[in-house]
Amino acid sequence: MYDPADPAPALGGPALDKLTATLTTDGPAAAVDALIAELRAAEDYQGLFYALLMKARVELGVTPFPTGAAGDLPPHTHAPYEDAIRAAARHVGGLLLERKEFAKAWAFFRMLDEPEPVRAALAAYAPGPDDDVYPVIEVAWQNGVLPKKGFDLVLDRHGICSAITMVSGSDLGANADLRDYCVARLAAALHAQLTERLVSDLSARGVAVPEPLPVARLVELHPDLFAEDAYHIDTSHLSSVVQLSTHLPPGPALDCARGLCAYGRKLAPNLQGHNDAPFEENYDDYLAYLDVVAGEHVEEGLARFAAKAAREAAEGATYAAQVYVNLLLKAGRSRDALDAAKQFLLAEDDRNLICPGVNELARRAGDYGALADAAKARGDAVGFLASLIAAKGAPAVSGEP
C-alpha cells in the first residue's frame, strides 16, 4: 500500500532521551504521541507519516515497525491498518499541500490514487517571482495531474521556445482538448510577441501606429518591414506554431494563427523553410487551410487542396488526400469527405491514416455500398459480404458458429 522512502533524518539526542523517558513512565502510546509531536514541530513530514503508521500498529497490538509488510500482520488487522495508512497519507499529503510542496504531496496522493486534492491545490497556486516552478510542472504536466497548469507555467515563466518543445515532445493526439488549449495559447502568445516587435520596428523608423492593429494588417500596410530579408521573431517558432495551428477550431486563436501566416508569407523565401505537400507552398498553403477552417475563401481553399490531393495521388502518395479529407470535415462537408476518401483512399487501411478513412466515413453516413467497395479494394471478403448483408438490412444472427 505504501512505499517506504529514504529514511527520515534522526532526531537529536535530547529528543531521543525524552522519548525514552516518556516510554518508561507513560508507555508506548504516549511515547508515539510524543514522537509525532516532535516530528510535526520539526516539519519532518516523511518521519511523521511513519510515526502515524507506528501509532496505528501500537494501537492494533502488532509489531511497531512501520516499514514491515502489511501482509505479515494478523488477518483481522489488515483492513484497519490499510485505513490507517490512507489516513496518514492524506494527513501528511495535506500538510505538504499547505506548504506548496507539490511533488512531495503528490507522492502520498499518488500512492492513494487520489489526485483531486493535488489538482485543486495546483489550480489555486499562483507562484511568486522567485518560486521554483519545476517541481510543480513535473506534477502538473509530466504526471498529468493538471497539464494545462503545467503548460501555463512553462509558457509564462520560460517562454515560447520551451512551451513549443513541451508540446512537440508530447503525444497529445489522444487529448484533443489539451492539445487545442496549448496550441491556442501558443498562437496568441506568438502573435502578441510579433505585434509588439513590429510596432517597435515601425516606431524606430519614426512610423506611428495610432491604434492597435493585428499582424495581418500591419504587414499589409508596411511591406518595408521585410526589406533586406528582415524578420522579427524566430522563424522556427513561427513555423512550429503555424503547423500546430491546423488543429485549431474557429475562434480568436485561429485568427492569431492566420495573422502569423500573413506575416510568414511575406518573409524572404529562404526564411520560410521547406514543407512537404500539401504545404509545399509554405505559409500560402497554411493560410489557405486556416481560412477554410475560419469559414473564409472556402471554395477557393478546398479547390486548392483538392488539386494537391489529386496530383499527389497520381504519384502514388495519399498524405495530401488525407489532409484534404480532414479539411472537408472541418468545413462541415462530410459527404464530400466520403467522396474524396472513396476517390483517393479506397484501398488504404484506416489505421494508417491521419483522417477518418472510407470505412469510418461510410459508417457515419450509413453508406454500405462504400463499405463494400472499400473491402473489395482491400481484398477483404468478410468485410465485403458483411457490407452487402448490412445494405440489405438482414438481421444479425445470434449465437456462436
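Quick caveat: nothing in here was measured; it's all calculated off a predicted structure.

Relative to the elements of secondary structure, Phe151 occurs in helix 8 (residues 147–168). Phe151 sits 11 residues away from Ser162 along the chain, and the two C-alpha atoms are 9.6 Å apart. Filtering out sequence-adjacent residues up to four positions away, Phe151 remains in contact with Trp141, Ala163, Met166, Val167, Tyr181, Cys182, Arg185 and Leu186.

In total, this model carries one cavity of 30 Å³ or more according to the counting rule given. In this structure, the largest cavity encloses a volume near 40 Å³. Only helix 11 (235–244) and helix 13 (283–294) provide two or more residues apiece to the lining of the largest cavity. Considered class by class, the residues forming the lining of the largest cavity number three nonpolar, five polar and no charged.

Under the 1.5 Å per step criterion, the end-to-end length of helix 4 (residues 75–98) is 36 Å for 24 residues, consistent within 8% with the ideal 34 Å. Along helix 4, the positions that sit buried rather than exposed are Thr77, Tyr81, Ala84, Ile85, Ala88, Ala89, Val92, Gly93, Leu95, Leu96 and Leu97. Looking at the buried residues of helix 4, the elements they touch are helix 2 (28–41), helix 3 (45–60), helix 5 (102–112) and helix 6 (116–124).

Right, let's get into unusual backbone geometry. The linkage connecting Ala277 with the following residue, Pro278, adopts the cis geometry, with an omega of 10 degrees. Turning to its location among the elements, Pro278 is positioned in the loop between helix 12 (252–264) and helix 13. Residue Asp229 is not a glycine yet carries a positive backbone phi of 55 degrees. For Asp229, the location among the structural elements is in the loop between helix 10 (215–221) and helix 11.

Looking now at the confidence of the model for the chain. Confidence in the prediction of the chain, expressed as mean pLDDT, is 90, and 95% of residues score 70 or more. Considering only residues more than four positions removed or in separate chains, one finds that residues 1–7, a stretch of pLDDT under 50, has 22 contacts. Contacts for the low-pLDDT stretch residues 395–401, under 50 throughout, to residues beyond four places or in other chains number zero contacts.

So, on to the packing of helix 7 (residues 134–142) against helix 8. At a minimum axis distance of 8 Å, the contact between helix 7 and helix 8 shows a crossing angle of 115 degrees. With respect to helix 8, the axis of helix 7 lies roughly perpendicular. Taken as a pair, helix 7 and helix 8 cross one another with a handedness that is left-handed. Between helix 7 and helix 8, the contacting residues are Tyr134, Val136, Ile137, Ala140 and Trp141 on the first element and Pro147, Gly150, Phe151, Leu153, Val154, His158 and Met166 on the second.

Rules used throughout
- All residue numbers refer to positions counted from 1 along the written sequence of the respective chain.
- Note on the predicted model: pLDDT of at least 70 is required for a residue's local features to be given, and 80 or more for side-chain atom pairs to be given and counted; whole-chain, interface and lining totals, by contrast, use all residues.
- The side-chain figures draw on all heavy atoms in the structure; neither hydrogens nor water molecules are used.
- A helix here means a DSSP run of H or I that spans at least four residues, while a strand means a run of E at least two residues long, and both kinds are numbered starting from the N terminus.
- We call two residues in contact when some of their heavy atoms are within 4.5 Å.
- Think of a 1 Å grid over just the protein atoms. A cavity is a set of points where a 1.4 Å probe fits yet cannot get out, a pocket is an open set with protein on both sides within 12 Å along at least five of seven lines, and lining residues have an atom within 4 Å of a point.
- Grid points are joined across faces, edges and corners, and a volume is the space filled by probe spheres set on the points.
- Gly falls in the polar group here, along with every residue not listed as nonpolar (Ala, Val, Leu, Ile, Met, Phe, Trp, Tyr, Cys, Pro) or charged (Asp, Glu, Lys, Arg).
- Take the number of residues in a helix, subtract one, and multiply by 1.5 Å to get its expected span.
- Think of it in three bands: with a 1.4 Å probe and only protein chains considered, a residue is buried below 20% of the maximum accessible area for its type, exposed above 50%, and partly exposed in between.
- Confidence scores here are pLDDT values: one per residue, from the predictor, ranging 0 to 100.
- Axes, fitted as lines to C-alpha atoms, cover a helix only where it is in contact. Angles between the N-to-C directions of the axes lie from 0 to 180 degrees.
- Note on terminology: angles under 35 degrees are roughly parallel, angles over 145 are roughly antiparallel, angles of 65 to 115 are roughly perpendicular, and the others are oblique.
- Put simply, a crossing is left-handed when the front helix is turned counterclockwise from the back one by less than a right angle, and right-handed when it is turned clockwise.

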